[in-house]
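Descriptive analysis of the structure
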Amino acid sequence: MEKEKKPKSKLRKILDGLVVGVFGSLMVLVLAFNIINRVSSSRGGGMVFGMQYPVVLTDSMEPEYMVKDVLIIKKVKPSEIKEGDDISFYYDIERNGKERSVTHRISRIVVDETKLEGQGRYTFTAHGINKHSEQCGGGDCTYQTQTFNETKVIGRVSKRSAFLTNYYKLSTSIIGLIVFILIPCLYLVVTSVLDITKTLKEGEEAEELGIQESGLDKLAKASYSLL
C-alpha cells in the first residue's frame, strides 16, 4: 500500500509564491533596466515609451544631478530647445569614434537660416555645471564645452526620477545583492534540503510499511493453509 504524499502547507505555498513572484519580478526589472540603459545610451539607441532613462555616471552636473541619479529624457524639437536647458545628446568625448550619451546644459545656440532642420540648421554648445569636478580634473566643467548639431540631440531632461534612482542604487549595492540574490538562493537551498529530508523520511516510512504489510500477508497465508 503506497503512502499518500502530504501536500505543501499554506505557509510554504505563500513563501514559494513570494520568492517566485516578488524576487523574480525584481530580478527581471533589474535586468530589463540595465539592458534598456545600455542599449539606449549607445549611438543609435532608441526611446522606450517615448523616453530614455540614463544613469548619471560622472559628477559634471552636480549638484543638479548626482552620480547614480536616473534621469527621464523626453524627445524635443530642436526649435524648442532654449539656453539653460539640460539636454541629452550623443558625443564622442574620448575621440575614439564611439559616441555615448551625455547630459549637459545648453549655453549657446546658433541657427543657420540657410539649412533645413536635420541638416545642421541648429548648432548647440553645452557644458557641465560643476566647478569643482573630479571628472574635469578637479576643475571647472563650465569651460569644457561640447558643440553638436540637432542630429545628435536625444532629448531634454524632464526630471530626476526618485523611484528609479533609489531602485538603481539598491540594485547595485551590497544590500541589493543580499535582497535580490542571497536571500532567494538561501531560501531555495533550505527548502531543497527540507524537501530531500522529507522525501527520504517518507521513503523509509513507506519501506517499513511495506515490510509490515508483507509480514501480515505471509501470516494470513499461513493461517489460511492451516485451515
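Preceding block: the structure.
In this convention, every chain numbers its residues from 1, walking through the sequence in written order. Owing to the predicted nature of the model, reporting of local features is limited to residues with pLDDT of at least 70; listing and counting of side-chain atom pairs is limited to 80 or more, with chain, interface and lining totals taken over all residues. Only hydrogens and water are removed before side-chain values are computed, so all heavy atoms of the structure are retained for them.

Here we look at the environment of Lys-68
Structurally, Lys-68 can be placed in the loop between strand E1 (51–52) and strand E2 (71–74). Residue exposure (1.4 Å probe, protein chains only): buried if accessible area is under 20% of the type maximum, exposed if over 50%, otherwise partly exposed. Owing to a relative accessible area of 34%, Lys-68 belongs among the partly exposed residues under this scheme. Through-space distance from the C-alpha of Lys-68 to that of Pro-54 is 9.3 Å; in sequence the pair is 14 residues apart. Leaving out residues up to four positions away in the same chain, Lys-68 has contacts with Val-55, Val-56, Thr-165, Tyr-168, Lys-169 and Thr-172. Numbering of helices and strands runs from the N terminus, with a helix taken as a DSSP run of H or I at least four residues long and a strand as a DSSP run of E at least two residues long. Residues are treated as being in contact if the distance between any of their heavy atoms lies within 4.5 Å.

Side note on a nonpolar patch on the surface
On the surface, Ile-174, Leu-177, Ile-178, Ile-181, Leu-182 and Ile-183 cluster together to form a nonpolar patch covering roughly 520 Å² of accessible area. Counting through the fold element by element, Leu-177 comes out in helix H3 (residues 174–226). Patch membership requires more than 30% relative accessible area and the absence of a salt bridge. Residues of like charge join within 9 Å; the nonpolar side chains Val, Leu, Ile, Met, Phe, Trp and Tyr join within 5 Å. Each accessible area value is a Shrake-Rupley result obtained with a 1.4 Å probe; residue values ignore everything except the protein chains displayed when judging cover. Salt bridge, as used here: a side-chain nitrogen of Lys or Arg that lies within 4 Å of a carboxyl oxygen of Asp or Glu.

Remarks on the state of the cysteines
Note on disulfides: each one is a pair of cysteine sulfur atoms within 2.5 Å. Throughout the structure, instances matching the rule amount to 1 disulfide. What pairs with Cys-136 in a disulfide is Cys-141, and their sulfur atoms sit 2.0 Å apart. One quick way to see it: the torsion about the S-S bond of Cys-136 and Cys-141 is about 105°, and its sign makes the bridge right-handed. A relative accessible area of 1% places Cys-141 in the buried class.

Section: the sheet that holds strand E7 (residues 153–160)
In a beta sheet, neighbouring strands are held together by backbone hydrogen bonds and run either parallel or antiparallel to one another. Read from one edge of the open sheet, 7 strands run E1-E2-E7-E3-E4-E5-E6, paired in antiparallel fashion. Every interior strand has two partners, whereas the edge strands, E1 and strand E6 (145–149), have only one. Should DSSP find at least two bridges between two strands, the strands are taken to pair. Looking at chain direction, strand E5 (residues 122–127) and E6 are connected through 5 bridges and run antiparallel. By the bridge assignment, Phe-124 is partnered in E6 with Phe-148.

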